[in-house]
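Survey of secondary and tertiary structure
Single-letter residue listing:
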Amino acid sequence: MFAGLADFGTAWLGFMNPTSIALGLGGALLGIIVGILPGLSATLVIALLTTITIKLPANNAILVLICSYVGALYGGSRTAILLNIPGTAANAASCADGYALAQRGEAGRAIGIATSGAFTGTLFGVLCLAAFTPSLAEVALAFGAFEFFWLALFGVALSGSIVGDDPIKGWLMGALGLFVAQIGQEGLYAYDRFTFGWDELAGGISLIPALVGAFGLAEVLTALADPVEKKLVQVRDSVLPRFREVFQYWRTVIRSGVIGVLTGLLPGVGEDSGAWMSYAAAKAVSKEKHLFGKGSIDGLMAAETGDMASIPGHIIPCLALGIPGSAPSAVLMAAMIIHGIQPGPMMMISHPHFVYEVVAMTSLATITILIFGLFLVKPLLVILKIRRTVLMPIIFLLCTVGAFATASRLFDVYAMLVIGIGAFFLRRRGYQMAPFVLGLVLGPLLDKSLRRGLVLSDGSLAPFFTRPISLAFAVVTIFAILLYVPAFKAAVRRATGAAGRIVRSALGRHGGEDAA
């Protein structure tokens, strides 16, 4: 415990310099600006900043990305309150009560409550991140090639639920990502695969052009295809929250923080789930249920606390197991790999102090959103007046420069354009890009682990199913896939219902005997 506190203190001191503080503040501010703009997302800002920060030292680059991640999800609450349009999907639960308060002339109060909920939710998640990640990563050190194969396959299997409601579309995009990851020279013997005699493809499809195309260019095309215009509510009252008003909802903060972290720990459950589940839980136990949807402070606090607490929750399995739980965390994991940090069980060996550095980064991001959220309200709202016809060409230019600058290859620009245009049309048909990136990131790990395992076992598949951890992952992976089969899901519900009735009956008989 004390060694962990010492590592955390050392990590904090490492960021207490003008350069790191400036980068953290800049990343959070840019994230808030992107979050404020309807139609843009945390995934977009992380993908773009990955290209811009590629030459920075790994710690400072990841600091910028985490601060922008936290800032974007927080910034989305502004448009939810003032426009009734969630800046990101995670802020949808804040629309009803936040916009209702704004309509009553209490927009500043709503922003203050949302800022308080975001700050406390992220802070609660940071404490869980510091407490649970090192222990989970140490347990995962027992993994070998066989376990890594199932871990990667489990991550791809979760692509059916990482975004959207159609698991088939998620799996198809995950499989497409796996295929694209196999293009180029394979990792063990440098043999060309799927290059079709094209020398440019021998180097494979780089992560950065793929990320920028899938999330940057596709976002630009989507935003231009679906413009949104709505009247902005003016902020006339104070945004500084009253301490007594915030403190009286401490139960909501703790409950929503726990829900947010737990939903974040579940791969495939996004930040929006943390917000909606926290909102539903707050409404279920509230004595003022009639106020929910009409301007409830409790509901707004629960929604913002839940979605922000899920950010550290998503980072925990991303760092310890190498399984991102949402689209932004998938891109963040890809950025870590680009900067030479491989998330997963081996991280505690290759980068043992990185976990505490991430804790320090996230806590710094928490402080920055509190500062910007309370003292830069009106200047930040000026961003909403920028026309999309001006903003989107700038983002497209950044996409092009970022794709080219990493390796100075014109082929990467072409790859970005092809992937971006393809992603735009796929998104119009309901196919999301997060499973594609997940397959692209986990593809090399799955391929190398499968082949290394087969080499170690002389071509036998038995160790993939007989080793205890491998067997557990195999069962969980197969079960997770079968849950999407309606007949199997119905059978599981009937079995759990029957088991519950048996337990309740047994408890009832036991209680009757005690009474007698």
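What you see is a predicted model, and the numbers here were worked out from it, not measured in a lab.

Our next topic: the packing of helix α9 (residues 207–225) against helix α19 (residues 410–428). Close contact between α9 and α19 brings their axes to 7 Å; oriented N to C, the two are set at 50°. The orientation of α9 with respect to α19, classified from their angle, is oblique. The hand of the α9/α19 crossing is right-handed. Between α9 and α19, the residues in contact are Pro-209, Ala-210, Val-212, Gly-213, Ala-214, Leu-217, Ala-218, Glu-219, Leu-221, Thr-222 and Ala-225 and Asp-412, Met-416, Leu-417, Ile-419, Gly-420, Ile-421, Ala-423, Phe-424, Arg-427 and Arg-428, respectively.

If a probe the size of a water molecule is rolled over the atoms, the empty space left behind becomes visible. The calculated volume of the second largest pocket comes to roughly 790 Å³. The wall of the second largest pocket is formed by 37 residues, among which Gln-342, Val-441, Pro-444, Leu-445 and Lys-448 lie closest to the centre. Those elements that place two or more of their residues in the lining of the second largest pocket are α7 (145–157), α8 (167–181), β1 (184–185), α14 (327–338) and α20 (434–456). Counting residues per element, the lining of the second largest pocket draws most heavily on α20, which supplies 9 residues. Of the residues contributing to the lining of the second largest pocket, the split by class is 21 nonpolar, 11 polar and 5 charged.

Another point: α19. Compared with an ideal rise of 1.5 Å per residue, which puts 19 residues at 27 Å, α19 spans 28 Å between its outermost C-alpha atoms and is within 8% of the ideal. Taken together, the buried positions of α19 are Phe-411, Asp-412, Val-413, Ala-415, Met-416, Ile-419, Gly-420, Ala-423 and Phe-424. Positive phi appears at Gly-430, one or two residues downstream of α19, with a value of about 90°.

This part covers the side chain of Ser-256. Looking at the element boundaries, Ser-256 is found in helix α11 (residues 250–265). For Ser-256, a relative accessible area of 0% translates into the label buried. From its side chain, Ser-256 meets the backbone oxygen of Thr-252 in a polar contact 2.8 Å long. Once residues within four sequence positions are removed from consideration, Ser-256 is found in contact with Ser-278, Ala-302, Thr-305, Gly-306 and Ala-309.

Turning our attention to the packing of helix α2 (residues 18–36) against helix α4 (residues 58–82). Their axes nearest at 6 Å, the elements α2 and α4 cross at an angle of 35°. Our pair here, α2 against α4, has a crossing hand that is right-handed. Where α2 abuts α4, its residues Thr-19, Ser-20, Leu-23, Gly-24, Gly-27, Ala-28, Gly-31, Ile-32, Gly-35 and Ile-36 lie against Asn-60, Leu-63, Val-64, Cys-67, Ser-68, Gly-71, Ala-72, Tyr-74, Gly-75, Gly-76, Arg-78 and Thr-79. Taken together, the residues that form the contact of α2 with α4 break down as 9 nonpolar, 12 polar and 1 charged.

Analysis parameters
- Residues numbered from 1 in each chain as written.
- Predicted model: local features only at pLDDT ≥ 70, side-chain atom pairs only at ≥ 80, totals over all residues.
- Heavy atoms only, no water.
- Axes fitted to C-alpha atoms, helices over the stretch in contact; angles between N-to-C directions.
- Helix = DSSP H or I, 4+ residues; strand = E, 2+ residues; numbered from the N terminus.
- Parallel < 35°, antiparallel > 145°, perpendicular 65-115°, else oblique.
- Left-handed = near helix turned anticlockwise from the far one by under 90°.
- Contact = heavy atoms within 4.5 Å.
- 1 Å grid on protein atoms, 1.4 Å probe; cavity = no way out; pocket = protein on both sides within 12 Å on 5 of 7 lines; lining within 4 Å.
- Points joined across faces, edges and corners; volume = space filled by probe spheres on them.
- Nonpolar A, V, L, I, M, F, W, Y, C, P; charged D, E, K, R; others polar.
- Expected span 1.5 Å × (residues − 1).
- Buried < 20%, exposed > 50% of the residue type's maximum accessible area, 1.4 Å probe, protein only.
- Polar contact = N/O pair within 3.5 Å; in protein donor to acceptor, adjacent residues only side chain to side chain.

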